[in-house]
Structure formats: structure tokens, C-alpha cells
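Structure assessment
Residues per chain, in single letters:
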Amino acid sequence: MNDWTAEHWGPYLERVAPGIVLPVRDIAASVKELERCAAKGMRPALLPDGMVSPGYYSPEWEPMWGALTALDIPATLHIGTRQPQPAGSSQQTAANIYPGLPMVGWYHQCLEMGETLGQLTFGGVFERHPDLQVVFTEGYAGWLAFAMQFWDHHFDGRFRREHPVNFGPLAPSIEAPPSYYIKRQAHVTFMWDPLAIEVRHLTGNDCLLWGNDYPHPEGSFPHSQEWNDKQFAGVPESEIDFIVRGNAARLFKLTV
């Protein structure tokens, strides 16, 4: 698949960024394939939104983070691609299937991306690899400001300082507040998220990337301009350009 992608999109790499599919159950093989495809000009690396064993905070993943940093390639983590929980752990039974469950499940998947972000932040991955860039795709962005606010508050709060027994050996060991690393290295994409735009002063503009998700039905196509006229109403043009074009061009090395 990667060979076909490289051959098909090779002439257009200034305008497109074809992702690298990795055999993620074998980290060493994934690093090798990442390096092979990067030599063809492909980027970014495609990773699941979350891994159960080993988790992204685990030392086993260090070669991947090191390789991505050395190659200056971002990792993209797509919503709903989390490694399944072990057999028998699912709580999905006939008793909790109800009308609207797909909508609630979709919302929950967005919030689950925060768990992966937390692993990369509190697990020290961002601290150890300050040039690593990670993009969470199609999980919306409104949750990001709350994650930063919540984690910063408790990271430097009285609860952690005066009641360390509640954390024990799991107390955060990173040096800077969580939002410092997140603003520097994490990014989230959205299609329609006026809330994320409204609170961009909390997250910073670097974290936000708009996309139309063509051709999926939940995306904005063919009404992208109409959607953006509404959700970006009143936002300075320079900031709009940053979010709808500039951030993606910088991260994925596109000439647009």
C-alpha cells in the first residue's frame, strides 16, 4: 500500500501529504517502514488514536518518537482507531443499547483522544522529544481547552501539593505545566466547532487545524465556505488563515 501511495502521489508532494501506514503491533518494523517511506517523501505517520499494550507512554515506543523527531515527520492519530480493549472487557450489552447511542459514542470517542494526549504529556513523551508533533484528527477540538485548564489547575493545585497520597507513585513528574507541552506539540482538527474557535485564546492558534473531511457525510463538503463564514465570523483574517491553511502547510510541508 505504501509503495502504491508513493508512486501515485509522488509527483504532487508539494500539494499533498500521503500518510504512511505502519505495522503498529511491531514497533521495530514500524520504525523501519517509517524510515523507508520518509525517504520517498511521504508524511505523516499514521498511528492509532490509542494503544493498550504497550501504551504510548511505554518505553517500548521511544524508538518511534525518536525516529519521527529525527525525520521531522508528524504523527496523525485518527478518531476511532484505538486498539481494542482485551476480550471480555467491553461493557456493551443489550441493557445499555438505546436510541442515540451512536451520537453518544461518537462524542465519547472525541473525549478518548484526551486520554492519548494525557499519556504523551504526563508520560513525558513530549518533554523527552520537544520537536515531536502529534495531530489528533477528526475528534473535534472543543475538549482541548478544558483538558489544558483541568490538568494545569490540578498539576499546580493544592490537592496535589497537600495530598500527595492521592497520587502516590503515579504523581506527575513532568517539569512544566501540561499546557506548555500541549501548546508546543499537539494539534487537533475540526470541521464544525465554534466553541474551539471561541476559546482559542486558551489553546493558542497553533493547536487548531480546520478540515472538510471530504467526502465523508459528517464533513462540511460541499458547504465548507458557508460553514466557515459562520464559525469564523468576527475572527481576524490572519488567524483564520493560520487555522484553515497555515498550520497544515507548516506541519505537513505543503506549498499552498
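In what follows, the structure referred to is the one given above.
This report concerns the structure included in the present document. Residue indices begin from 1 for each chain and proceed along its sequence in written order. This being a predicted model, a pLDDT of at least 70 is required before a residue's local features are given, and a value of 80 or more before pairs of side-chain atoms are given or counted; all residues contribute to the totals for chains, interfaces and linings. The side-chain values count all of the structure's non-hydrogen atoms but skip hydrogen atoms and water molecules.

Strand order in this open sheet of six strands is 1-2-3-4-5-6, and the pairing throughout is parallel. With partners counted over all chains shown, the strands left at the sheet margins are strand 1 (20–21) and strand 6 (208–210), one partner each. The rule for pairing is simple: two strands pair if DSSP sees at least two bridges between them. Helix and strand assignments come from DSSP, with helices taken as H or I runs of at least 4 residues and strands as E runs of at least 2, each series counted from the N terminus. As defined by bridge partners, strand 3 (residues 75–78) adjoins strand 4 (residues 134–137) across four bridges and the pair is classed as parallel. Its bridge partner lying in strand 4, T76 is registered against V135. Contact definition: two residues touch when any of their heavy atoms are within 4.5 Å. Orientation is described by lines fitted to C-alpha atoms, with helices fitted over the stretch in contact, and by angles between N-to-C directions that extend from 0 to 180 degrees. Along the sheet, helix 8 (residues 178–185) contacts strand 4 and strand 5 (186–190); its crossing angle with strand 5, the most-contacted strand, is approximately 65°.

Further remarks concern the pairing of strand 2 (residues 45–48). Looking at chain direction, strand 1 and strand 2 are connected through two bridges and run parallel. The residue of strand 2 that forms the bridge with I20 is A45. Relative to strand 3, strand 2 runs parallel, the two sharing four bridges. By the bridge assignment for strand 3, L46 is matched with T76.

By the burial criterion, the buried members of helix 11 (residues 224–231) are S224, N228 and Q231. In a view along the axis of helix 11, the buried residues occupy a sector of 70°, so they form one face of it. Pointing more than 90 degrees away from the buried face of helix 11 are the exposed residues Q225, D229 and K230. The elements touched by buried residues of helix 11 are strand 5, helix 9 (194–198), strand 6 and helix 12 (237–252). Relative accessibility thresholds used throughout: buried, under 20% of the residue-type maximum; exposed, over 50%; partly exposed, between the two (1.4 Å probe, protein chains only). Starting at the helix axis, one direction is taken to each C-beta atom, and the arc is that of these directions.

Attention now goes to the nonpolar core. The set of buried Ala, Val, Leu, Ile, Met, Phe, Trp, Tyr and Cys residues whose side-chain atoms join them within 4.5 Å is what this entry labels a nonpolar core. Ranked by size, the top nonpolar core spans 55 residues in total, and within it L34, L47, W61, W65, L68, L117 and F136 carry the most contacts. Considering every element that reaches this core, the biggest residue donor is helix 6 (residues 142–155), with six residues. Grouped together as the second largest cluster of nonpolar side chains are six residues, A249, L251, F252 and L254 included.

Exposure above 30% relative accessible area and no salt bridge define the residues that can form patches, which grow by joining like charges within 9 Å and nonpolar side chains of Val, Leu, Ile, Met, Phe, Trp and Tyr within 5 Å. Here the Shrake-Rupley method, with its probe set to 1.4 Å, supplies the accessible areas, and only the displayed protein chains count as covering residues. A side-chain nitrogen of Lys or Arg and a carboxyl oxygen of Asp or Glu constitute a salt bridge if their distance falls within 4 Å. A surface patch of nonpolar side chains, amounting to about 290 Å² of accessible area, comprises M1, V21 and L46. By secondary structure assignment, the location of V21 is in strand 1. V21 sits in the partly exposed class, given a relative accessible area of 34%.

This paragraph deals with the packing of helix 4 (residues 101–122) against helix 6. Interaxial distance between helix 4 and helix 6 falls to 11 Å at its minimum, and their mutual angle equals 45°. In terms of their interaxial angle, helix 4 and helix 6 are classed as oblique. Along this stretch, helix 4 crosses helix 6, giving a crossing that reads as right-handed. For the pair helix 4 and helix 6, contact is made by C110, L111, M113, G114, L117, G118 and F122 and by W143, L144, W151 and F155, respectively. Put simply, angles under 35 degrees are roughly parallel, angles over 145 are roughly antiparallel, angles from 65 to 115 are roughly perpendicular, and the rest are oblique. In this scheme, a crossing is called left-handed if the near helix is turned counterclockwise away from the far one by less than a right angle; it is called right-handed if the turn is clockwise.

What follows is about the state of the cysteines. Among covalent bonds in proteins, the disulfide is the one between the sulfur atoms of two cysteines. Here, the term disulfide refers to a pair of cysteine sulfur atoms separated by no more than 2.5 Å. With the rule as written, the count across this model stands at zero disulfides. C207 supplies the cysteine sulfur nearest to C110, a cysteine that is in no disulfide, at a spacing of 17 Å. On the basis of relative accessible area, C207 is assigned to the buried category, the value being 0%.

What follows covers the pairing of strand 4. In the case of a regular strand, side chains alternate between the two sheet surfaces. A two-sided burial pattern is seen for strand 4, the buried positions comprising V134 and F136 on one face and V135 and T137 on the other. Judged from the three bridges that link them, strand 4 and strand 5 form a sheet pairing that is parallel. Of the residues in strand 5, the one forming a bridge with V135 is H187.

By the burial criterion, the buried members of helix 8 are P178, S179, Y181, I182 and Q185. One side of helix 8 holds all its buried residues, which, seen down the axis, span an arc of 160°. Buried positions along helix 8 lie against helix 4, helix 5 (125–128), strand 4, helix 6 and strand 5.

Next up on the list: the side chain of N205. By the secondary structure assignment, N205 is in the loop between helix 10 (200–203) and strand 6. Contact partners of N205, with chain neighbours within four places excluded, come to R200, E239, F242, I243 and N247.

With that settled, consider the packing of helix 2 (residues 27–38) against helix 3 (residues 62–71). Helix 3 packs onto helix 2 with a crossing angle of 10° between their chain directions and a minimal axis gap of 9 Å. In terms of orientation, helix 2 and helix 3 fall into the roughly parallel class. Judged by the sense of rotation from one axis to the other, the crossing of helix 2 with helix 3 is right-handed. Contacts between helix 2 and helix 3 involve S30, V31, L34, E35 and A38 on the former and, on the latter, P63, M64, A67, L68 and L71. Each residue gets one label: Ala, Val, Leu, Ile, Met, Phe, Trp, Tyr, Cys and Pro are nonpolar, Asp, Glu, Lys and Arg are charged, and the others, such as Gly, are polar. For the contact of helix 2 with helix 3, the class distribution of residues is eight nonpolar, one polar and one charged.

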